[in-house]
Protein chains: 2
Amino acid sequence: MKKAVALLSGGLDSATALALALDDGFAVYTLSVDYGQRHRVELERAEVVSKSLGAIVHKVVGVDLSSFGGSALTDSTPVPKGKKGDPIASGIPETYVPARNTVFLSLALAYAETLDTGDIFIGVNAVDYSGYPDCRPEYVAAFENMANLATKAAVEERYKIKIHTPLISMTKGKIIKSGVTLGVDYSLTLSCYDPGASGKPCEACDSCRIRAQGFKNAGLNDPALSI
Amino acid sequence: MKKAVALLSGGLDSATALALALDDGFAVYTLSVDYGQRHRVELERAEVVSKSLGAIVHKVVGVDLSSFGGSALTDSTPVPKGKKGDPIASGIPETYVPARNTVFLSLALAYAETLDTGDIFIGVNAVDYSGYPDCRPEYVAAFENMANLATKAAVEERYKIKIHTPLISMTKGKIIKSGVTLGVDYSLTLSCYDPGASGKPCEACDSCRIRAQGFKNAGLNDPALSI
């Protein structure tokens, strides 16, 4: 079986990307990053999601991005909130974490090389998303190009690095429908940027509102809200 | 004064790159990465070097690459040794750390963005070096290209990301001569991959032997060996 590393945040998108990687026939090693995020409870969810879907191993790596600050997710800047149904503000929001996906993909690249594989999955989405620059296809392509020059395995041409982004051009509704078909239990996932310690979604941050709209568009109820 | 982030390992090259950044007129913020390296004593040297040369702030970020293993610098694989004057073996050695410079540059990118600057210095060198793929000019160019698509500041075109590699085409002898001219105290630096807890160089690993050859070519004695 071909191995892959899948980045797993505990949210809806990365859980679906993991399910798609498994459905593609990969033996998947999941990786979460404890970066000092205010919604650290997502890390517990990631571990549960990894186990429920049948990944081989789940690993958590710590890197303290909060020592740099610069984001509502890692410092005391308030997470922007809106009312249910409000449109998501345009532009890059305060929840943007400097270079987050670059740090995450770099760690996944390191992990993948020690597993002797070049296949990496990340659940980025450039349709129903928060406008982060490091979720766009041109960014992912540039990372992949760089990665193929960065590592021993790639330079020795034992394999190519491939950054798989199965969700990148899907709507949130379509992501949810795909996941349901593949058996993802979304009640285990947490998308909220500002949950309490209990992990209860705030239902007002961008991420909660994008998720709610996604379930609405999929014609489904969000099972995470009824438990 | 224009700000820059400089990656600092505690070794000879990054100390010289810092001196060159300061000489270029940058207000420099130094960054070291505690990645579980066996030669952790280099982190103490980095802090001393940063202070001695006049950086604004020195920061250490932890990221546990040793949890991935796959390198003589982070797991129990022995560091390859040779005799004084032996040529450095060709190929990528056991001391290669998977995706190390990609992880380091990603962290520098995150730090730089919170400081509102796109200038990053790294002391990579592709002449007298260990053959690591992530020290080559084509790798650095690809990282820079990716970084300009990754971050909010770059996408908003407030500034471009520039990865400065002032040493990349210099011989080790030339690096040392430049540093001496700029007042770098090389007795403070540690290049060894396998020092004892005291920080005494082994004088047999690739890094020690490349350094010894560099001082010889510069016509100088290594002040770190006489203390």
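Shown above is the structure to which this text applies.
As the structure is a computational prediction, the values presented were derived from the model and not from experiment.

## Let's talk about the overall build of chain A
Phase 1: Assigned secondary structure in chain A consists of seven helices and five strands.
Phase 2: Along chain A, helices and strands appear, N-terminal first, in the series β-α-β-α-β-α-β-α-α-β-α-α.
Phase 3: Radius of gyration (C-alpha) of chain A: 17 Å, near the 17 Å computed for a compact globule of 227 residues.
Phase 4: Dimensions along the principal axes, computed over C-alpha positions, put chain A at roughly 55 × 40 × 30 Å.
Phase 5: Taken across its 227 residues, chain A has 52% of its residues classed as buried.
Phase 6: For chain A, the proportion of contacts with a sequence separation of at least 24, taken over those separated by at least 6, is 72%.

## A look at the interface of chain A and chain B
Phase 1: In this assembly, 36 residues from chain A lie in contact with 36 residues from chain B.
Phase 2: When contributions to the side of chain A that touches chain B are tallied by element, the ones reaching two or more residues are strand 3 (57-62), helix 3 (100-114), helix 4 (137-150) and helix 5 (152-155) of chain A.
Phase 3: Residue composition of the side of chain A that touches chain B, by class: 21 nonpolar, nine polar and six charged.

## A look at the relation of the copies chain A and chain B
Phase 1: Of the transformation placing chain A onto chain B, the axial shift is 0.0 Å and the rotation is 180°, giving an RMSD of 0.0 Å. Read as a symmetry element, the transformation amounts to a two-fold axis. Using C-alpha coordinates, one finds that chain A approaches the rotation axis most closely at Val63 of chain A, a distance of 2.3 Å.
Phase 2: Comparing interface residues between copies, 100% of those in chain A also lie at the interface in chain B; the contact surface is shared.

## Some points on the nonpolar core
Phase 1: Counting residues in each nonpolar core, the largest one holds 136 residues, and the members touching the most others are Leu18 and Ala108 of chain A together with Leu18 and Ala108 of chain B.
Phase 2: Those residues in contact with Leu18 of chain A, other than ones at most four positions away along the chain, are Ala6, Leu8, Val28, Thr30, Leu53, Ala55 and Phe121 of chain A.

## Things to note about the sheet that holds strand 3 of chain A
All names here are of chain A.
Phase 1: Spatial strand order, 3-2-1-4-5: five strands in an open sheet with parallel pairing. The open sheet has two edge strands with one neighbour each: strand 3 and strand 5 (162-164). Going across the sheet, the axis of each strand differs from the next one's by a mean of 25°, ignoring polarity.
Phase 2: As paired elements, strand 1 (residues 3-7) and strand 2 (residues 27-34) share five bridges and run parallel to each other. By the bridge assignment, Ala6 is partnered in strand 2 with Thr30.
Phase 3: Those strands touched by helix 3 are strand 1, strand 2, strand 3, strand 4 (119-121) and strand 5, and its axis lies near 140° from that of strand 2.

## Structural notes on helix 4 (residues 137-150) of chain B
Residues that lie three or four places apart on an α-helix share one face, since the helix turns once every 3.6 residues.
Phase 1: Relative to the 20 Å expected for 14 residues at 1.5 Å per residue, helix 4 of chain B spans 20 Å between its end C-alpha atoms, a close match to the ideal helical length.
Phase 2: Judged by how many residues are buried, helix 4 of chain B sits mostly within the fold: ten of 14 residues are covered.
Phase 3: All of the buried residues along helix 4 of chain B are Tyr139, Val140, Ala142, Phe143, Glu144, Met146, Ala147, Asn148, Leu149 and Ala150 of chain B.
Phase 4: Contact partners of the buried residues in helix 4 of chain B: helix 3 and helix 4 of chain A together with helix 3 (100-114), helix 5 (152-155) and strand 5 (162-164) of chain B.

## What to know about the sheet that holds strand 3 (residues 57-62) of chain B
All names here are of chain B.
Phase 1: With respect to topology, five strands assemble into an open sheet ordered 3-2-1-4-5, the strand pairing being parallel. Both outer strands of the open sheet, strand 3 and strand 5, are each paired with one neighbouring strand and no more. Shown here is a sheet whose adjacent strand axes are inclined to one another by a mean of 25°, direction ignored.
Phase 2: As defined by bridge partners, strand 4 (residues 119-121) adjoins strand 5 across three bridges and the pair is classed as parallel. By the bridge assignment, Asp119 is partnered in strand 5 with Lys162.

Cut-offs and rules
Residues numbered from 1 in each chain as written. Chains lettered and ligands numbered in written order. Predicted model: local features only at pLDDT ≥ 70, side-chain atom pairs only at ≥ 80, totals over all residues. Helix = DSSP H or I, 4+ residues; strand = E, 2+ residues; numbered from the N terminus. Rg over C-alpha atoms; globule rule 2.2 N^0.38 Å. Buried ≥ 20, exposed ≤ 12 C-beta atoms within 10 Å, placed from the backbone. Contact = placed C-beta atoms within 7 Å. Nonpolar A, V, L, I, M, F, W, Y, C, P; charged D, E, K, R; others polar. Least-squares fit on C-alpha atoms with pLDDT ≥ 70 in both. Core = buried A, V, L, I, M, F, W, Y, C linked by C-beta atoms within 7 Å. Pairing = 2+ DSSP bridges. Axes fitted to C-alpha atoms, helices over the stretch in contact; angles between N-to-C directions. Expected span 1.5 Å × (residues − 1).

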